[in-house]
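Residue-level listing of the chains:
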There are 2 protein chains.
Amino acid sequence: MKKLINAVEDVVKESLAGFCSAHSDIVRLGEAAPFVLRRHLKRGKVALVSGGGSGHEPLHGGFVGEGMLDAAVPGQVFTSPTPDLIIAAIEAADTGGGVLLIVKNYEGDVMNFDMAREMSGKSVATVITDDDVAVETSTYSTGRRGVAGTLIVEKILGAAAEQGRSLAELKALGDRVNAATRSIGIALTSCTVPAAGKPTFELGDDEMEVGVGIHGEPGRRRVKLRPAKEIAAEMVGAITADLGARARGDVILLINGFGGTPLSELYLMYNDVRHGVEAAGGTVARSLVGNFVTSLDMAGCSATVSLLDEELRRLWDAPVHTAALRWGI
Amino acid sequence: MKKLINAVEDVVKESLAGFCSAHSDIVRLGEAAPFVLRRHLKRGKVALVSGGGSGHEPLHGGFVGEGMLDAAVPGQVFTSPTPDLIIAAIEAADTGGGVLLIVKNYEGDVMNFDMAREMSGKSVATVITDDDVAVETSTYSTGRRGVAGTLIVEKILGAAAEQGRSLAELKALGDRVNAATRSIGIALTSCTVPAAGKPTFELGDDEMEVGVGIHGEPGRRRVKLRPAKEIAAEMVGAITADLGARARGDVILLINGFGGTPLSELYLMYNDVRHGVEAAGGTVARSLVGNFVTSLDMAGCSATVSLLDEELRRLWDAPVHTAALRWGI
């Protein structure tokens, strides 16, 4: 295992310390516990709190700030944060407007966020994201997995929360965005969890995993590595088959790197995926390309298509000021 | 070789097409030749043109836009762009104020940009960047190499050019920023050039290269992989030894990933490098962490320290709107 770390048990703590120090104008480290808190909370606004296992950086801490999340709760690598940590974040982020939890659909996350919601004694609702079309159940999830589409839910809800919408309105909007969002990923290599010290799974030198999860969970099938155009066609096919006729409209197209793939390849994939989306009748109205929801050092990427209407486009375009997404401010 | 590509000979063209399509609000593909041109050129402003071999994305195309570059000229992977391509970019970017070329110190780049400058028949000056303290000469360079510090030169010059400064003033400012900027990199793995199909160099499973170049050129020495704190201490030591007493002031600290290292490790390195810079008497006034000047899929990172005064800080903070750096707009 070759990683830029000190001790395995300090990876999350030290990375978080670096993150909060580098972006001290936007975030601060929670006082009661190690979570990421928006530096300037807005009184009376519904607070948006997300989180989950570490190893997917910049998700979720990189999305804390004006126009997006109010707090992000990181667990250890690929491990759900504990309820007491989530409760500390809920208490720190709540400024009287209630709290909306945004949780990726993994059993540990759903259970721990749910316990925290019940134990907090506050007005708390939850949006579960499950945008991954690859498989219907998986190693850590019953039902579809929540993956890169989560950032689209977080961005749109963040903008709507800044407008002063109620907790019930935001919960309904989050469910609507999640239902309009589909993703699928492919891996060329495994990730290596620091505590494990070796690759999570083995892939042959000429193989790829189609439909891989963001923890290295198995996908639909393992095939020989193919040209980017063919990979893109399979990804677009899986997404548009699931969306059906709804795919023939304006969309956000997100090409998300898993951490070990260079930006040049992500833009090349964007080129091919975009052509596929357009050939299927979609119009790419907004684009995002980069490493946003990663799987440590895994090589590969995911494609996410999220359907837009006029309201969602305005919310997507609204100002955001976080470490990983920034525009209009 | 596992890469998300179609044909090896189309990698640069297709990645560039994806880039210009994803960011069509900021850039467009040159008409005369494949370079990246700022979509909204500013009449009479000195045009800033940079470029060099591909494989370092988002450098340089990701820095084209308001407040930074007017054009970026990509060569093939790790290969200088030809003079005719550079001339086409100069002609497209020039709006009457003259042109400043920003060139990393590699023999091929310096020669080709210089030929283009002479042949263009326009008012053109050049700033050469050579911020890498690792070695005094290298595989492709006489004198120090230009590496990640180049983006700091480009950002500060971009802001100054927007203010309407003259070509001579910008040339002097660029030389001053370059002289105030030092970098050093380390690699945990080699990069793999698509056309070569195999790693550029071999590193043992427990080895790292200290002082590596952004094309995988040899550094100072090859050592056993060490904890992040020790790596950070060596990097800070190399930089501060070179800066001398000047290191005891306000600085920009840039931790730059080489493409294959996840953001979580970059923030962990930032944490340790920052402590080192502060222990040496420096004050980290501005920070930047991410993949900005990469070496394809190489795992590793560089640290850059750039000395700030009041003028440089204002120029750094000025609005910028590019694909890879954006704030204030």
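Not measured: the values here are computed from a predicted model.

(A) Seen up close, the overall build of chain A. Of the regular secondary structure elements, chain A holds eight helices and 14 strands. In terms of overall size, chain A behaves like a compact globule, its C-alpha atoms giving a radius of gyration of 19 Å where 329 residues would be expected to give roughly 20 Å. Across the 329 residues in chain A, those meeting the buried criterion constitute 64%. Pairs at least 24 apart in sequence give 72% of the contacts found in chain A among residues at least 6 apart. Put simply, chain A shows about 10,800 Å² of open surface, and 52% of that area lies on carbon and sulfur atoms. Taken together, the 33 basic and 41 acidic charged side chains of chain A have centroids lying 4 Å from each other.

(B) Examining the interface of chain A and chain B more closely. The interface of chain A with chain B comprises 53 residues on the first partner and 54 residues on the second. Between chain A and chain B, the buried area comes to about 4,200 Å², and carbon and sulfur atoms account for 59% of it. Two residues, Glu265 of chain B and Lys3 of chain A, come together in a salt bridge whose shortest N-O distance is 4.0 Å. Here chain A is connected to chain B by 24 residue pairs in polar contact (both at pLDDT 80 or more). Secondary structure elements with two or more residues in the side of chain A that touches chain B: α1 (11-22), α6 (228-243), α7 (263-279), β11 (283-290) and β14 (326-327) of chain A. Sorting elements by how many residues they give to the side of chain A that touches chain B places α7 of chain A first, with 10 residues. Taken together, the residues of the side of chain A that touches chain B sort by class into 27 nonpolar, 14 polar and 12 charged.

(C) Summary view of the domain arrangement of chain A. Residues and elements named next belong to chain A. Domain boundaries assigned for chain A yield domain 1 (8-179) and domain 2 (182-309). Centre-to-centre, using C-alpha coordinates, domain 1 lies 23 Å away from domain 2. With 32 residues of domain 1 in contact, the opposing surface of domain 2 contributes 34 residues. The three residues of domain 1 that bury the most area against domain 2 are Phe78, Val133 and Ile152, which together make up 21% of that side's buried surface. Joining domain 1 to domain 2, the criterion identifies two salt bridges. The partner of Asp309 in a salt bridge is Arg176, with the nearest N and O atoms 2.9 Å apart. Broken down by secondary-structure element, the contributors of at least two residues to the side of domain 1 that touches domain 2 are α4 (149-162) and α5 (167-179).

About the criteria used
- Residues numbered from 1 in each chain as written.
- Chains lettered and ligands numbered in written order.
- Predicted model: local features only at pLDDT ≥ 70, side-chain atom pairs only at ≥ 80, totals over all residues.
- Heavy atoms only, no water.
- Helix = DSSP H or I, 4+ residues; strand = E, 2+ residues; numbered from the N terminus.
- Rg over C-alpha atoms; globule rule 2.2 N^0.38 Å.
- Buried < 20%, exposed > 50% of the residue type's maximum accessible area, 1.4 Å probe, protein only.
- Contact = heavy atoms within 4.5 Å.
- Areas by Shrake-Rupley, 256 points an atom, 1.4 Å probe, with all protein chains shown as cover.
- Lys, Arg positive; Asp, Glu negative; His and termini not counted.
- Charge placed at Lys NZ, Arg CZ, Asp CG, Glu CD.
- Buried area = accessible area lost by both parts, 1.4 Å probe.
- Salt bridge = Lys/Arg side-chain N within 4 Å of Asp/Glu carboxyl O.
- Polar contact = N/O pair within 3.5 Å; in protein donor to acceptor, adjacent residues only side chain to side chain.
- Nonpolar A, V, L, I, M, F, W, Y, C, P; charged D, E, K, R; others polar.
- Domains from an automatic or database assignment.

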